[in-house]
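One letter stands for each residue in the lines below.
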2 protein chains.
Amino acid sequence: MDNFTFYNPTRIVFGKDKTANIGKVTAPWGQRVMLLYGQGSVKKTGILDTVKQSLEQSGITVFECGGVQPNPVLSFAQQAIEAFRADKLDAIVAVGGGSVIDTAKTIAAGVPYDGNVWDFFSGKAKVESAVPVTVVLTLPAAASEMNSGGVITNEQTQQKFNIMGDPLYPKASILDPVNTFSAPLHHSLYGVVDAMVHLLEGYFNTTSHNTALQDRYAEGIIRTLMESASVIKTEPDNYEARSNIMWGATLAFNGLAPCGLGATGFPMHMIEHSLSAIYDVSHGAGLAMILPGWMRYRLLNSPERFARFAHTVFDIQPTADPVADAKQGIVALEKWLGSMDIPANLQQGGIPVAEIPQIAQNAVMLAQKWGLKEYTTDVITEVLQYSAGE
Amino acid sequence: MDNFTFYNPTRIVFGKDKTANIGKVTAPWGQRVMLLYGQGSVKKTGILDTVKQSLEQSGITVFECGGVQPNPVLSFAQQAIEAFRADKLDAIVAVGGGSVIDTAKTIAAGVPYDGNVWDFFSGKAKVESAVPVTVVLTLPAAASEMNSGGVITNEQTQQKFNIMGDPLYPKASILDPVNTFSAPLHHSLYGVVDAMVHLLEGYFNTTSHNTALQDRYAEGIIRTLMESASVIKTEPDNYEARSNIMWGATLAFNGLAPCGLGATGFPMHMIEHSLSAIYDVSHGAGLAMILPGWMRYRLLNSPERFARFAHTVFDIQPTADPVADAKQGIVALEKWLGSMDIPANLQQGGIPVAEIPQIAQNAVMLAQKWGLKEYTTDVITEVLQYSAGE
């Protein structure tokens with residue numbers, strides 16, 4: 001096990017009808033709050049009304065700020081920082097998925113900072129303080145509700161970078177599985193893939209000796225996520241399956257999974273960022289297009305590890321040939337993705353295979369920024385060819 | 001999945017040679033600290049010197065307070081509270097296992113409190129504030145290094161009660177597996193049993209529907225703990241096995257495992273408290289004497305659950321008869337305990353079976369305090385008879 005540090009002070013309030021607790025968990029942090037949300041689906045579902053009512057019952061004055069878009073942009077956050085200051089607010093309540101929460105974190109870091117909030121993303125400055133953020137989660141995927149990270153796109157520079165820092169942990173996050181019933185099904189399933197890949201980046205890229213605890217942690221969550229996804233495919237209102245997905249996605253990326261795995265890297269996320277920067281694909285769908293191909297590319301690097309995944313997650317019977325077992329596991333994964341109507345390669349996702357060179361060109365810049373030295377243009381091209389589809 | 005809240009702000013610093021970081025993680029909390037430890041083994045091993053040196057290098061003035069005993073007592077904590085106040089200290093650094101950390105928490109809660117610190121244990125008062133505690137862990141078992149609980153015995157009233165509260169989470173805990181190499185082997189193995197039973201109390205006593213995530217979490221940690229215990233039995237200095245035990249025991253009782261399981265209760269701990277109150281047995285050894293018998297008592301209540309344990313933890317081949325499978329699992333557990341030289345029943349532990357009535361009489365008081373209504377004197381007697389041994 002490699003050395004690690006772990007710290008995560010976010011308070012989780014999980015369960016049915018817990019949305020109405022947002023006032024109570026927010027009140028200790030401020031009396032004038034920015035209520036941040038996305039494109040308005042939370043208005044239709046009534047979640048926003050429940051939130052506002054709860055905040056007001058706790059004596060909190062609410063300043064609405066809607067309109068965060070799916071791939072959230074810097075300019076929106078910058079305007080919100082100005083509004084937050086002008087209205088002399090105390091805290092932010094984020095109602096939504098990763099995009100809304102990541103935007104909340106960006107605003108939270110920007111408010112007490114003199115310079116341009118982009119400095120935190122470009123690496124020019126470190127987040128030393130932030131205004132408090134509380135969360136009502138509506139789409140499990142990114143685990144932003146229980147981690148200190150966030151991703152924003154700078155439209156001017158066309159860079160999709162991330163921010164991080166202890167002050168950015170949400171103070172409290174409300175996870176009510178019922179709030180996820182109404183999400184479009186394909187988005188819920190893409191969220192599951194995102195959570196799975198968060199775990200698999202660590203699982204397949206660790207160089208640590210003896211990862212028994214970490215492997216079993218990841219395998220248990222992945223199996224549960226897949227089982228639960230298969231349930232909501234036909235029963236979107238299944239509370240137990242939605243619960244497992246909601247808590248499973250949080251556990252997948254709240255910092256526990258990589259404890260002891262060493263520096264693992266995020267090569268699949270890196271390549272996906274490039275896909276979604278160029279084409280209009282959801283993050284989870286993009287990851288699904290890359291995952292099986294990347295596994296085929298990477299397989300020979302540690303066949304036992306990929307075979308183990310096949311045995312423990314897909315119940316493939318172990319044989320004397322780990323490479324063959326591993327390949328069976330990848331086929332089983334592709335089959336499962338197919339059964340969920342999730343694209344398992346570029347062709348299935350409608351990405352023109354002829355444009356692989358441009359995608360690789362775009363991705364290699366991020367590989368350099370993220371310190372993924374192995375991922376040269378040639379290597380990324382190879383991964384993308386494995387991911388092309390027949 | 002049942003509703004739950006989760007909150008755990010303890011910072012974990014894990015790994016080889018991390019003991020020397022105690023100064024750095026303690027400095028933000030105070031400049032004059034009480035250095036609390038047990039019977040002096042940390043002096044012999046040199047851990048205490050490393051800690052003192054690190055604290056002093058961070059400009060911290062150290063006030064030593066050694067002598068915490070294995071079943072820590074109230075009077076010691078009360079004296080330490082007076083000393084803490086008299087010396088105008090800021091924080092406590094606990095170097096040891098559960099006994100030392102639990103004593104540190106008792107002192108921490110008592111210092112800012114006007115009344116008798118026992119009020120927190122008896123339920124007369126709630127912990128609203130506490131002085132900061134940091135930890136260097138030397139014996140993994142109780143997970144007190146990453147939870148908000150503690151157990152103390154009031155010698156006057158002969159009550160072994162517990163304290164709890166958010167202010168009692170250690171601010172930071174250093175987990176260096178090397179610090180556990182020198183612990184007596186049987187204590188290390190008892191610690192493993194303690195951690196396993198922490199998980200099994202939730203695993204077997206849940207009434208929640210769909211506990212897929214929680215079951216796999218527990219099963220993964222239990223398997224890893226057992227594998228690692230088998231390794232240190234012959235290689236006490238095996239770093240990887242010690243690492244798995246150290247982090248596994250923390251994960252077993254840091255509040256994550258019961259998330260979603262509902263109100264589960266601690267019947268095995270309840271009966272064990274009575275054992276160790278009357279006889280001179282280690283907590284983990286006492287739990288091991290109770291565990292298989294309690295499982296036999298409880299089996300028919302949810303045979304599928306006990307069968308699942310047999311399948312997933314002991315690789316028992318599933319048959320059509322869950323009760324038979326479950327019993328095979330219990331036999332496998334007893335066999336494993338035997339192979340670790342851990343007593344698997346009262347006879348093996350040297351407890352006079354003729355005294356079962358007295359033990360039950362003693363235990364039933366705690367059953368009432370803990371709200372375990374099912375556990376009448378008759379039921380506890382029945383469990384103890386199952387635990388008697390041939």
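The shown structure was predicted, so the numbers you read here are calculated from the model rather than taken from an experiment.

Calculation notes
- Residue positions within a chain follow its written sequence, with the count starting from 1.
- Numbering of ligands from 1 and lettering of chains from A proceed in the order in which they are written.
- In view of the model being predicted, local features appear only for residues whose pLDDT reaches at least 70, and side-chain atom pairs are presented and counted only at 80 or more, with totals across whole chains, interfaces and linings using the full set of residues.
- Heavy atoms throughout the structure, all of them, feed into the side-chain values; hydrogens and water do not.
- Secondary structure elements are taken from DSSP: a helix is a run of H or I of four residues or more, a strand is a run of E of two residues or more, and numbering for both begins at the N terminus.
- Here the globule rule reads 2.2 Å times residues to the power 0.38, and the radius of gyration is calculated from C-alpha atoms.
- Two residues form a contact once any of their heavy atoms are found within 4.5 Å.
- Working definition of accessibility: Shrake-Rupley area with a 1.4 Å probe, residue cover restricted to the visible protein chains.
- Positive residues here are Lys and Arg, negative ones are Asp and Glu, while His and the chain termini are left out of the count.
- Just so you know, the charge point we use is NZ for Lys, CZ for Arg, CG for Asp and CD for Glu.
- Buried, partly exposed and exposed residues are distinguished by accessible area as a fraction of the type maximum, computed with a 1.4 Å probe on protein chains only: under 20%, between the cut-offs, and over 50%, respectively.
- Here, any two strands with at least 2 DSSP bridges between them count as paired.
- By definition here, a helix of n residues has an expected span of 1.5 Å times n minus one.
- Directions from the helix axis toward the C-beta atoms define the arc.
- The atoms used to superpose the copies are C-alpha atoms, taken from residues with pLDDT of at least 70 in both, and the fit is least squares.
- Angles here are taken between N-to-C directions and fall from 0 to 180 degrees, while the axes themselves are lines fitted to C-alpha atoms, restricted in helices to the stretch in contact.
- Angle categories are assigned with fixed cut-offs, so that under 35 degrees is roughly parallel, over 145 is roughly antiparallel, 65 to 115 is roughly perpendicular, and the rest are oblique.
- Put simply, a crossing is left-handed when the front helix is turned counterclockwise from the back one by less than a right angle, and right-handed when it is turned clockwise.
- Ten residue types, Ala, Val, Leu, Ile, Met, Phe, Trp, Tyr, Cys and Pro, are classed as nonpolar, four, Asp, Glu, Lys and Arg, as charged, and the remainder, Gly among them, as polar.
- UniProt positions are given in the numbering used here, feature names are shortened, and annotations may be inferred rather than shown by experiment.
- Residue ranges assigned to each domain were obtained from an automatic or database domain assignment.
- Each of two parts loses accessible area, computed with a 1.4 Å probe, when they are put together; buried area is these two losses added.
- For this analysis, a salt bridge means a side-chain nitrogen from Lys or Arg found within 4 Å of a carboxyl oxygen belonging to Asp or Glu.
- The term polar contact refers here to a pair of N or O atoms within 3.5 Å; inside protein, the definition further demands a hydrogen-donor-capable atom paired with an acceptor-capable atom, and it admits residues adjacent in sequence only when both atoms are side-chain atoms.

> How do you make sense of the overall build of chain A when you look at a structure like this?
Along the backbone of chain A there are 15 helices and nine strands. The C-alpha atoms of chain A give a radius of gyration of 21 Å, which matches the 21 Å a tight globule of 390 residues would have. Pairs at least 24 residues apart make up 77% of the contacts formed inside chain A by residues separated by at least 6 positions. Total accessible area on chain A is roughly 14600 Å²; 51% of this is exposed by carbon and sulfur atoms. Here chain A carries 27 positive and 37 negative side-chain charges, and the mean point of each set is 5 Å from the other.

> What am I meant to see in the pairing of strand S5 (residues 91-96) of chain B here?
The two faces of the sheet receive side chains in turn, since in a regular strand these alternate between them. Residue and element names in this part refer to chain B. Where burial is concerned, most of S5 is hidden: six out of the six residues are buried. Two strands pair when backbone bridges link them, and strand S3 (residues 32-36) and S5 are joined in this way by four bridges, in the parallel orientation. Within S5, the position partnered with Met34 by the bridge is Ile92. Pairing geometry for S5 and strand S6 (residues 133-137), over five bridges, is parallel. Paired with Val95 across the two strands is Val136, which belongs to S6.

> Which parts of the structure should I look at to understand helix H4 (residues 74-86) of chain A?
It helps to recall that an α-helix has 3.6 residues per turn; residues three or four apart then point in one direction. All names here are of chain A. When the terminal C-alpha atoms of H4 are compared, their 19 Å separation across 13 residues agrees well with the 18 Å that a helix rising 1.5 Å per residue should span. Among all positions in H4, only Leu74, Phe76, Ala77, Ala80, Ile81 and Phe84 are buried. Down the axis of H4, the buried side of the element spans an arc of 150°, and every buried residue falls inside it. Summarising the geometry of H4, the exposed residues directed more than 90 degrees from the buried face are Gln79 and Ala86. The elements touched by buried residues of H4 are strand S3 (32-37), strand S4 (61-65), strand S5 (91-96), helix H5 (98-110), helix H6 (118-122) and strand S7 (149-154).

> Would you mind showing me how to read the relation of the copies chain A and chain B here?
Between the two chain copies there is a screw-like relation: a rotation about an axis and a shift along it. If you rotate chain A by 180° and push it 0.0 Å along the axis, it lands on chain B with an RMSD of 0.0 Å. What the superposition gives is, in effect, a two-fold axis relating one chain to the other. Residue Pro9 of chain A of chain A places its C-alpha closer to the rotation axis than any other residue of that unit, at 2.1 Å. In this assembly, 100% of the residues forming the interface of chain A have copies in chain B that are likewise at the interface, indicating an isologous arrangement.

> I tried to follow the packing of helix H7 (residues 185-205) of chain A against helix H11 (residues 283-298) of chain A on my own but got confused; where do I start?
Between two packed helices, the angle of one axis relative to the other and the distance separating the axes together describe the packing. All names here are of chain A. For the pair H7 and H11, interaxial distance at closest approach is 8 Å and the crossing angle is 30°. Classified by the interaxial angle, the pair formed by H7 and H11 is roughly parallel. Classified by chirality, the crossing of H11 by H7 is left-handed. Residues Tyr190, Val193, Asp194, Val197, Leu200, Phe204 and Asn205 of H7 touch H11, and the partners they reach there are His283, Gly284, Ala285, Leu287, Ala288, Leu291, Trp294, Met295 and Arg298. Its residues placed into classes, the contact of H7 with H11 shows 11 nonpolar, three polar and two charged.

> What am I meant to see in the environment of Thr180 of chain A here?
All names here are of chain A. Take Thr180: it is sitting in the loop between strand S9 (172-175) and H7. A relative accessible area of 2% places Thr180 in the buried class. When the C-alpha atoms of Thr180 and Leu139 are compared, they prove to be 5.9 Å apart, with 41 residues separating the residues in sequence. For Thr180, the contacting residues outside a window of four places in its chain are Thr138, Pro140, Ser188, Arg242 and Met246.

> Which parts of the structure should I look at to understand the UniProt feature "domain: Fe-containing alcohol dehydrogenase-like C-terminal" (unreviewed entry) in chain A?
UniProt's feature table lists "domain: Fe-containing alcohol dehydrogenase-like C-terminal" (unreviewed entry) at residues 190-367 of chain A, given in the numbering used throughout. Annotated as residues 190-367 of chain A, this span is 69% helix and 0% strand, and its ends, taken at the C-alpha atoms, are 23 Å apart.

> Help me understand the domain arrangement of chain A, please; the structure alone is not making it clear to me.
Accessible area lost upon the coming together of the parts serves often as the stated size of an interface. Residues and elements named next belong to chain A. By the assigned domains, chain A splits into domain 1 (11-179) and domain 2 (185-386). Just the C-alpha atoms count here: the centres of domain 1 and domain 2 sit 27 Å apart. On the domain 2 side, the residues contacting the 22 residues of domain 1 number 21 residues. Buried area between domain 1 and domain 2, both sides added, is near 1800 Å², and the carbon and sulfur share of it is 66%. Scanning the region where domain 1 abuts domain 2 turns up zero salt bridges. Our enumeration of links across domain 1 and domain 2 arrives at four residue pairs in polar contact (both at pLDDT 80 or more). A per-element tally of the side of domain 1 that touches domain 2 places strand S8 (residues 159-164) first, with three residues. When the residues that make up the side of domain 1 that touches domain 2 are grouped by side-chain class, the tally is 15 nonpolar, three polar and four charged.

> Can you walk me through the pairing of S7 of chain A in this structure?
All names here are of chain A. Within S7, five of the six residues are buried, which leaves it mostly tucked inside the rest of the structure. Pairing between S7 and S8: six bridges, direction antiparallel. Within S8, the residue paired with Gly150 across the bridge is Ile163. Linkage of S7 to S8, two consecutive antiparallel strands, is achieved through a turn of four residues, within which Gln158 is found at a positive phi near 55°.

> How do you make sense of the interface of chain A and chain B when you look at a structure like this?
Each partner contributes residues to the interface: chain A has 40 residues there, and chain B has 40 residues. Here chain A packs against chain B, burying approximately 3400 Å² in sum over the two surfaces, 58% of which is carbon and sulfur. Together, Met1, Leu213 and Arg216 of chain A form the three largest contributors to the area buried by chain A at its contact with chain B, with a combined 20%. For the interface between chain A and chain B, the tally reads four salt bridges. In this structure, Glu227 of chain A and Arg216 of chain B form a salt bridge, with 2.6 Å as the shortest nitrogen-oxygen distance. Joining chain A to chain B, the criterion identifies 16 residue pairs in polar contact (both at pLDDT 80 or more). For the side of chain A that touches chain B, the leading source of residues is helix H8 (residues 212-234) of chain A, giving 10 residues. Counted by class, the side of chain A that touches chain B contains 18 nonpolar, 13 polar and nine charged residues. Bridge count between strand S1 (residues 4-6) of chain A and strand S2 (residues 11-14) of chain B: three bridges; the pairing is antiparallel. Note on S2 of chain B: the bridge partner recorded for Phe6 of chain A is Ile12 of chain B.

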